[in-house]
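Chain and residue survey
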Number of protein chains: 2
Amino acid sequence: MPKRPAAKILHDDRPLELEFGETLPSLEIAWESWGRLNSDRSNAVLVLPAFSAHCHAASNAAAGDDSPGWWEHMIGPGRALNTDRWFVICASLLGGCDGTTGPTTLHPDGSGPWRGRFPVVSIRDIAATHLRLLDHLGIATAHAGIGSSMGAMQALELAIIAPERFRRVAAISGTAYTRPATAAIRHLGRRAIMSDPAWKDGAYTDEGPLEGLRLARELGTVFYRSKDEFNDRFDHAPINAPSLRGLTFDVQSYLAHQGQKATMRFDANAYLTMSMAMDLHDIARGRGSIEHALQDMRPRLLIGGVPEDRLIPLVEQSQVHRALEEVHADHEWFTVSSPVGHDAFLVETEAFTEVLGRFLDAS
Amino acid sequence: MPKRPAAKILHDDRPLELEFGETLPSLEIAWESWGRLNSDRSNAVLVLPAFSAHCHAASNAAAGDDSPGWWEHMIGPGRALNTDRWFVICASLLGGCDGTTGPTTLHPDGSGPWRGRFPVVSIRDIAATHLRLLDHLGIATAHAGIGSSMGAMQALELAIIAPERFRRVAAISGTAYTRPATAAIRHLGRRAIMSDPAWKDGAYTDEGPLEGLRLARELGTVFYRSKDEFNDRFDHAPINAPSLRGLTFDVQSYLAHQGQKATMRFDANAYLTMSMAMDLHDIARGRGSIEHALQDMRPRLLIGGVPEDRLIPLVEQSQVHRALEEVHADHEWFTVSSPVGHDAFLVETEAFTEVLGRFLDAS
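Treat the numbers as computed from the prediction; the structure is a model and nothing was measured. (Residues numbered from 1 in each chain as written. Chains lettered and ligands numbered in written order. Predicted model: local features only at pLDDT ≥ 70, side-chain atom pairs only at ≥ 80, totals over all residues. Heavy atoms only, no water.)

**Topic: the packing of aromatic side chains**
- In the structure shown here, the tally under the stated rule is 21 aromatic pairs over all chains.
- Between B:F51 and B:F266, the ring centres sit 5.1 Å apart and the planes meet at 25 degrees, which makes this aromatic pair stacked. One end of the pair, B:F51, is in the loop between strand 5 (44–48) and strand 6 (75–76); the other, B:F266, is in the loop between helix 6 (250–265) and helix 7 (268–279), with 215 residues separating them in the sequence. The pair formed by B:F51 and B:F266 is uniform in burial state, with each residue classed as buried.
- A connected cluster of aromatic rings, assembled from ring pairs, spans A:F51, A:F266 and A:Y271.
- Over the ring of A:Y177 we find A:R179; its NZ or CZ atom is 3.9 Å from the centre of that ring. (Phe/Tyr/Trp six-rings, centres within 6.5 Å; stacked < 30°, edge-to-face > 60°. Helix = DSSP H or I, 4+ residues; strand = E, 2+ residues; numbered from the N terminus. Buried < 20%, exposed > 50% of the residue type's maximum accessible area, 1.4 Å probe, protein only. Lys NZ or Arg CZ within 6 Å of the ring centre and 35° of its normal.)

Below is the structure:
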């Protein structure tokens, strides 16, 4: 896995009781920051990573890592997340493979990495780790929490779990709960990994189930894009003599490239853990209904998405919007049209700079 | 694989030159028939199986198999394919696992079954085997050829390759060529099978890559249905304590059931071979364009489909319809609305009885 050289590690010796019953005896949280925390500790903006993201949201020369981050064009002096004004922080995900406690970190009993023994975690558990970071920094109330996709799931949970700790929360391209059709896809991706004998019930000590990981990611790629995009982009005629084992169609090389990238980015057990956390996302669980979950909302919420999104369609964001109206919660609704679809927030810098800049800066 | 006890086997010692270069030294074709061939051999109706079908299209008490066939309600006295009038015939697919030459049949060199050595075959090659059966039966011109889905691919090819041998051809829920988005899905299904170590490069001698076959079929199931259907049908909340290895969501048991059924139905190498044949389907290949391919059409064609079809959308059938208009070919266009979508022709007996009965019986 790539190192995050600018990451600081918070060692938190308090146990974390997980939503589904197990307890992590202690936590490590890898995080980075940009800008300066002001004297009354009121200017923190917490960025919540999506599935393929981590604490290195932007280049961080001050911390010794000037490589671009995954949200490079949004964070910095004069940018949407203006580091002249805001103290921007971002922590890697619980259960992931970017420095925060997860399957690749050491089990506290000294038996080596957690690997397949790592428990199921939920978005609520991930949200709890972000609160631990705020505790550590002495931040009683952050100015804002911002996330898109899986990050929006965390943003919604934080607004519900800790309404007093954020003045504003932006949940972009998210959903109140994961639908069965989406869970079915992720389930098959997990099946692809767990069916690979190199997975070894999660106990691999080498590079692990790379073929399963590739297949899982290729499957995600096919599902997350539209048929039209594939049909426009690729030729339907064979590019070589047809063969089961060889390269017959050009769409195969595109998929293979996407799959290969995943093997350089993900640990398989971390992929499984985060995939499951997304499938279990449901803000209504144990809270009666979506409206009940949102009824004591105190931060001002920003909810919106991309009409072209085919992974988490806009109707899922507008469901949250309608529920917030129902309970008379303070919130804004927006849409940004983009051919990129679900991942627009990574790419449509100008549109999201306007939306988020205004949301953060409004008094 | 299930036996087809009513199947007759045609041994054809003529080699078959395959479209992509290899030659099969001889052929076996498993077929069944219902009704009687008339004295001038003019009343044959050839049924063309889809991917999951075979020669046992209907119960066949006369041949010793009264188990229901895959198109049971359409074939028989007084039915759409009226066996009081028509001599209905159906042959299992080349490259499949239902008695016609394929990966599970014996290689002519005495080295055992073909298995992974079986060559890539195309829809055109499969169509050629149907013509061999007509030759064998002394049928110069059949009254009709009828297929849906992969069967429609064969129907279109037969109308192009052998326009003088059919008076009528019905191609239902088919397409002129397979789109990259569809090929991408089938490619991943093949990857799932070939990544299973039990596949052994196709040379397995036991039950083979069952886990890969299951995963391939589950993947197909997710893709061939709509998101809305999955979201309506299944609960999003966990039905058990969440676990990566266990049953967490009810949609998983549905998928597992579909996958398990596939292992009782398919040989993995046959699945691969037929999957590839569908991806290679393209009536324009080597013929300039779709219109060129269809320009010397002599049989009357019936083209149509199901607006709710999400596997091969109606737009792909209407493309063929428009091309036939373009070249002034004799044809009819129809649609049958059904919530079942792509598989409607297996289920909507009443609607298809009307459409096909009229098409066959019109003078």
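From this point, things continue past the structure.
**What to know about helix 9 (residues 314–326) of chain B**
All names here are of chain B.
- Here helix 9 is 13 residues long and its end C-alpha atoms lie 18 Å apart, about the 18 Å a rise of 1.5 Å per residue gives.
- Considered for burial, the residues of helix 9 that qualify are L314, E316, Q317, S318, Q319, V320, H321, A323 and L324.
- Buried residues belonging to helix 9 abut helix 2 (150–161), helix 8 (290–294), strand 11 (300–305) and strand 12 (331–335).
- Where helix 9 ends, the next residue or the one after it, H328, has phi of about 55 degrees, a positive value. (Expected span 1.5 Å × (residues − 1). Contact = heavy atoms within 4.5 Å.)

**Some words on the interface of chain A and chain B**
- Taken together, the contacts link 51 residues of chain A with 51 residues of chain B.
- Here chain A meets chain B over a buried area of about 4600 Å², counting both sides, of which 70% is carbon and sulfur.
- When the buried surface of chain A facing chain B is broken down by residue, A:H236, A:L244 and A:R245 rank first, second and third, together holding 15% of it.
- Taken together, the links from chain A to chain B amount to 6 salt bridges.
- With a shortest N-O distance of 2.7 Å, B:D201 and A:R245 are connected by a salt bridge.
- Seen at the junction of chain A and chain B, the total is 18 residue pairs in polar contact (both at pLDDT 80 or more).
- Of all elements in the fold, only helix 3 (180–195), helix 4 (210–224), helix 5 (227–233), helix 6 (250–265) and helix 7 (268–279) of chain A reach the threshold of two or more residues within the side of chain A that touches chain B.
- In terms of residue class, the side of chain A that touches chain B is built from 29 nonpolar, 9 polar and 13 charged. (Buried area = accessible area lost by both parts, 1.4 Å probe. Salt bridge = Lys/Arg side-chain N within 4 Å of Asp/Glu carboxyl O. Polar contact = N/O pair within 3.5 Å; in protein donor to acceptor, adjacent residues only side chain to side chain. Nonpolar A, V, L, I, M, F, W, Y, C, P; charged D, E, K, R; others polar.)

**Considering the relation of the copies chain A and chain B**
- When chain A is fitted onto chain B, the two copies agree to an RMSD of 0.0 Å after a turn of 180 degrees and an axial shift of 0.0 Å. The transformation just described matches what one would write down for a two-fold rotation axis.
- The residues that chain A uses at the interface reappear at the interface of chain B in 100% of cases, marking a shared surface. (Least-squares fit on C-alpha atoms with pLDDT ≥ 70 in both.)

**Some remarks on helix 6 of chain A**
- With 16 residues, helix 6 of chain A should reach 22 Å at 1.5 Å per residue; the first-to-last C-alpha distance of 24 Å fits that figure.
- The set of residues buried in helix 6 of chain A consists of A:V251, A:Q252, A:Y254, A:L255, A:Q258, A:G259, A:A262, A:T263 and A:R265.
- Looking at the buried side of helix 6 of chain A, the elements it contacts are helix 4 and helix 5 of chain A together with helix 3 (180–195) of chain B.

**Some details on the nonpolar core**
- A:I89, A:M150, B:I89, B:M150 and B:L294 are the most contacted members of the largest nonpolar core, which has 177 residues in total.
- Discounting residues that sit within four places of it in the chain, A:M150 has contacts with A:P49, A:A50, A:F51, A:L93, A:I123, A:I126, A:M274, A:A277 and A:M278. (Core = buried A, V, L, I, M, F, W, Y, C linked by side-chain atoms within 4.5 Å.)

**What about the packing of helix 3 of chain A against helix 4 of chain A?**
All names here are of chain A.
- At a minimum axis separation of 7 Å, helix 3 and helix 4 run at an interaxial angle of 160 degrees. Taken as axis vectors, helix 3 and helix 4 run roughly antiparallel relative to one another. Every pair of crossing elements has a handedness; the one defined by helix 3 and helix 4 is right-handed. Contact residues: I185, R186, L188, G189, A192 and I193 in helix 3; G212, L213, L215, A216, L219, F223 and Y224 in helix 4.
- Among the residues forming the contact of helix 3 with helix 4, the class breakdown is 10 nonpolar, 2 polar and 1 charged. (Axes fitted to C-alpha atoms, helices over the stretch in contact; angles between N-to-C directions. Parallel < 35°, antiparallel > 145°, perpendicular 65-115°, else oblique. Left-handed = near helix turned anticlockwise from the far one by under 90°.)

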